[in-house]
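So the chains spell out like this:
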Amino acid sequence: MISKALEEYIKNMYILEKQNGNIRVTDIANKMNCTKPSVNKAINNLKDNGMVNYESYGTIELTKEGENLAKKILEAYDIVYLFLKEVLGLEKDEAEQEAEKIKTVITDNTINKLAKYVHKELELNDLNCDYDINKEKCRSCARRKGVFGDRP
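Residues numbered from 1 in each chain as written. Predicted model: local features only at pLDDT ≥ 70, side-chain atom pairs only at ≥ 80, totals over all residues. Heavy atoms only, no water.

Draft legend 1. Focus on the pattern of salt bridges. Tallying each qualifying case throughout the model produces 12 salt bridges. A salt bridge links K92 to E96, with the nearest nitrogen and oxygen atoms 2.7 Å apart. Of this pair, K92 and E96 both sit in helix α5 (residues 92-102), separated by 4 residues, roughly a single helical turn. Look at K92 and you get partly exposed, because its relative accessible area is 44%. Residue classification places E96 among the partly exposed positions, given a relative accessible area of 27%. Salt bridges sharing common partners tie together E8, K11, E100 and K103. (Salt bridge = Lys/Arg side-chain N within 4 Å of Asp/Glu carboxyl O. Helix = DSSP H or I, 4+ residues; strand = E, 2+ residues; numbered from the N terminus. Buried < 20%, exposed > 50% of the residue type's maximum accessible area, 1.4 Å probe, protein only.)

Rendered as C-alpha cells:
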C-alpha cells in the first residue's frame, strides 16, 4: 500500500507518459510544482513498491501494477467529478478542484458505492455487476461503455 502523496506521483507519471510518450524527472517536478530531489525520493519509493522501473538518470517506466494503480486513481477522480458536476451541479472548475481533494481521502468502498449511484442517477449503465474499482474487468467494462469519457 502506498501513500496518497505517492499516488499523486504515479497518476502524474501516467498522464505525462500518455501526453509525452516518456516520463522525465524534470517534467514531473514541473507538473507537480516540486523539487527534483522530492521527485527522485518518490520515484525510489515507487520503485521499492514495484510501481516503476528506474535507474538513476535513466528513463522512468510504469510497471503494469503502476499503470493499473494510475488508472484506478484517475477513475476515482472521474467518479467524484461526475457526482459533483452532474449530480450536484457544481461549475466545472469547482468540481475539478473539489474532486481532486475528495478522491485523496475517500475509501475504495465509498468510491464503489458512489460509482453505482452516479451511474444509476445519470442513467449511464447498470453497475449491479459487483462493480469494484479494484477489479480491472469492471473498470474496463465501464470504460468501454464510454462512462469515463476519453481517459486512456
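Draft legend 2. View of unusual backbone geometry. The residue N33 is not glycine, and still its phi comes out positive at about 55°. Inspection of the secondary structure puts N33 in the loop between α2 (25-32) and α3 (36-48). On the basis of relative accessibility, which here comes to 71%, the residue N33 falls in the exposed class.

Draft legend 3. Main features of the nonpolar core. By size, the foremost hydrophobic cluster in this structure holds 25 residues, and its most contacted members are M13, I28, I43, L46, V52 and I60. Of all elements in the fold, only α1 (4-20), α2, α3, β1 (52-54), β2 (60-62) and α4 (64-87) reach the threshold of two or more residues within this core. Per-element accounting of this core gives the leading share, 7 residues, to α1. Filtering out sequence-adjacent residues up to four positions away, V52 remains in contact with I10, M13, I43, L46, K47, I60, E61, L62 and T63. Formed by 14 residues, the second largest nonpolar core is a distinct cluster that contains I79, L84, I106 and L114. (Core = buried A, V, L, I, M, F, W, Y, C linked by side-chain atoms within 4.5 Å. Contact = heavy atoms within 4.5 Å.)

Draft legend 4. Just helix α6 (residues 108-121), in detail. Here α6 is 14 residues long and its end C-alpha atoms lie 20 Å apart, about the 20 Å a rise of 1.5 Å per residue gives. Those residues of α6 lying buried are I111, N112, L114, A115, V118 and H119. If you follow the buried residues of α6, they end up packed against α4. Of the residues one or two after α6, E123 is the one with positive phi, at around 50°. (Expected span 1.5 Å × (residues − 1).)

Draft legend 5. Quick peek at the packing of aromatic side chains. Scanning the entire structure with this criterion turns up 2 aromatic pairs. Ring geometry for Y77 against Y81: centres 6.0 Å apart, planes inclined by 15°, an arrangement best described as stacked. Residue Y77 and its partner Y81 are both found in helix α4; the two are separated by 4 residues, about one turn of the helix. When sorted by exposure, Y77 lands in the same class as Y81, which is buried. Here F83 and Y117 contribute two aromatic rings whose centre-to-centre distance is 6.2 Å and whose plane-to-plane angle is 65°, an arrangement assigned as edge-to-face. With F83 in helix α4 and Y117 in helix α6, this residue pair connects regions lying 34 residues apart in the sequence. (Phe/Tyr/Trp six-rings, centres within 6.5 Å; stacked < 30°, edge-to-face > 60°.)

That is the geometry; function is a separate question.
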